[in-house]
Amino acid sequence: MFSLIRLPRIFTVHQVPKAFQEDSIISGYRHPRSSATDCILSLFQLTNETLNIWTHFLPTWYFLWKLLTVVLTHNVRHDAFIWPLLVFLASCCVYPFTSSCAHTFSTMSARARHVCFFFDYAALSFYSLASAITYSAYVVPDVWVGSAFHQYYVAVAVLNTAICTGLACYSRLGLPFLQYNHGFVKRFSECQSPKLGKILRVAAFAYPYLFDNIPLFYRIFVCAGEGCTDNETNSLHYCHTALAFLTVVLFITHLPERLAPGCFDYFGHSHQLFHICGIIGTHFQMEAVQLDMNVRRQWLLAHAPPITFSNTFGAALLSVALSLIIISVFSKTFKHVIVLYLYF
């Protein structure tokens, strides 16, 4: 049966438009006007995107299993203390799945490529907010519990998701209605200013990451003495923090492929390593959050502000709504977005 399926043709870097080219990747490109069927078939052939897709698609099911385990083993309807963990685990399912979809369908057209990665950026913003929600509930050091920073921390994190998604989308195309037209002909873009686009995108995610981790960084790197929450969870926090730093290095440097262009087109290029390190880091982060939740539960229930719908699910839903509005503005209409994602 599989012998009857004709797999799509693979191209070199000189055979695809500049918008589809990747730094120091020479071969393994898919057709820039692939059909949705071709995109799905490409999952089962070796391209420079194949491992990018699978390194996020497979972990999605692991995180979904973890989410379902929590739902089935806790009274989630009445135990509000578990709600931040549910938001976090949901984001751990959403961001790798959205990323795998973005990498799968990004070669349908230039417009599809931009819109796919708009959703990818929004999913990362949601994950960033979910991290802040869990940090506010379980990770914030004892000495900061109930402080002014703690009270406004999640609200600022929601605002940061809109800034993050908007700036990341801007890094690809510029301002909608002002810097590009309906056909994406006249625009600020990665093609015209790739370094600026890269800087803006790094800034778009570095800023919310640094803000979200203020309570964690203070707890494990700065605080000393009473009220610093120095427990067995800190070693896990060190692990996922180190992996987060490594993902940034990989994303910025394009190593190792920059040292040997063409040698890492299919296996071992920086974006694949970026995905792998990110997923492993998310695993350690999840383990740390759950351990903090269990170890500190009684103390936090007695001393921390109450966990409510508004500072968990409400904040998450508002973040998603803001990101969808931003995507619709940059994509012009939801009609085009829906067609690109649902057409098969």
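Residues numbered from 1 in each chain as written. Predicted model: local features only at pLDDT ≥ 70, side-chain atom pairs only at ≥ 80, totals over all residues. Heavy atoms only, no water.

- In the annotation of an unreviewed UniProt entry, the protein is listed under the name Progestin and adipoQ receptor family member Va and assigned to Scleropages formosus.
- One UniProt comment on the protein, placed under Sequence similarities (unreviewed entry), says "Belongs to the ADIPOR family." (UniProt positions renumbered as here; feature names shortened; annotations may be inferred.)

## Regarding the packing of helix α4 (residues 110-139) against helix α9 (residues 270-303)
- Viewed as axis vectors pointing N to C, α4 and α9 meet at an angle of 30°, and their least axial separation amounts to 9 Å. Our classification of the angle between α4 and α9 gives roughly parallel. Note that α4 runs across α9; the crossing there is left-handed. Across from Tyr127, Ser131, Thr134, Tyr135, Ala137, Tyr138 and Val139 in α4, the residues of α9 making contact are Thr282, Gln285, Val289, Asp292, Met293, Arg296 and Leu300.
- When the residues that make up the contact of α4 with α9 are grouped by side-chain class, the tally is eight nonpolar, four polar and two charged. (Axes fitted to C-alpha atoms, helices over the stretch in contact; angles between N-to-C directions. Helix = DSSP H or I, 4+ residues; strand = E, 2+ residues; numbered from the N terminus. Parallel < 35°, antiparallel > 145°, perpendicular 65-115°, else oblique. Left-handed = near helix turned anticlockwise from the far one by under 90°. Contact = heavy atoms within 4.5 Å. Nonpolar A, V, L, I, M, F, W, Y, C, P; charged D, E, K, R; others polar.)

## Quick look at helix α3 (residues 83-105)
- Spanning 23 residues, α3 covers 33 Å between terminal C-alpha atoms, matching the ideal 33 Å at 1.5 Å per step.
- Burial of α3 is extensive: 20 of the 23 residues sit out of reach of the surface. (Expected span 1.5 Å × (residues − 1). Buried < 20%, exposed > 50% of the residue type's maximum accessible area, 1.4 Å probe, protein only.)

## A few points about the packing of aromatic side chains
- A complete count under the given rule lists 21 aromatic pairs for this structure.
- Centroid distance Phe149 to Tyr153: 5.3 Å. Interplanar angle 35°. Geometry classified as tilted. Of this pair, Phe149 and Tyr153 both sit in helix α5 (residues 148-173), four residues apart, which is roughly one turn of the helix.
- Taking the relative accessible area as the measure of exposure, Phe149 reaches 27% and is therefore partly exposed.
- Grouping aromatic residues by their ring pairs yields a cluster made of Trp144, Phe149, Tyr153, Phe211 and Tyr218.
- The cationic tip of Lys198 hangs over the ring face of Phe251; the distance from NZ or CZ to the ring centre is 3.9 Å. (Phe/Tyr/Trp six-rings, centres within 6.5 Å; stacked < 30°, edge-to-face > 60°. Lys NZ or Arg CZ within 6 Å of the ring centre and 35° of its normal.)

## Things to note about the state of the cysteines
- Counting across every chain of the model gives one disulfide.
- Note on cysteine connectivity: Cys223 is disulfide-linked to Cys228, with sulfurs 1.8 Å apart. Its torsion about the S-S bond being -70°, the disulfide of Cys223 and Cys228 is classed as left-handed. Per residue, the accessibility class of Cys223 equals that of Cys228, and both read buried.
- Unpaired in terms of disulfides, Cys277 finds its nearest cysteine sulfur in Cys239, a separation of 13 Å. (Disulfide = S-S within 2.5 Å.)

## Quick look at the confidence of the model for the protein
- Across the protein, the average pLDDT comes to 90, with 91% of residues at or above 70.
- When mean pLDDT is taken per element in the protein, α3 scores highest with 98 and helix α11 (residues 334-342) scores lowest with 42.
- Across residues 333-344 the pLDDT falls below 50, and counting only partners more than four positions away or on other chains, this stretch makes 22 contacts in the model. (pLDDT = per-residue confidence, 0-100.)

## Thoughts on a nonpolar patch on the surface
- Together, Tyr152, Val156, Leu159, Ile163 and Tyr207 line one region of the surface with nonpolar side chains, adding up to about 480 Å² of accessible area.
- Counting residues per element, the nonpolar patch draws most heavily on α5, at four residues.
- According to the relative accessible area criterion, Tyr152 is exposed, its value standing at 55%. (Patch = residues over 30% accessible without salt bridge, like charges linked within 9 Å, V, L, I, M, F, W, Y side chains within 5 Å. Areas by Shrake-Rupley, 256 points an atom, 1.4 Å probe, with all protein chains shown as cover. Salt bridge = Lys/Arg side-chain N within 4 Å of Asp/Glu carboxyl O.)

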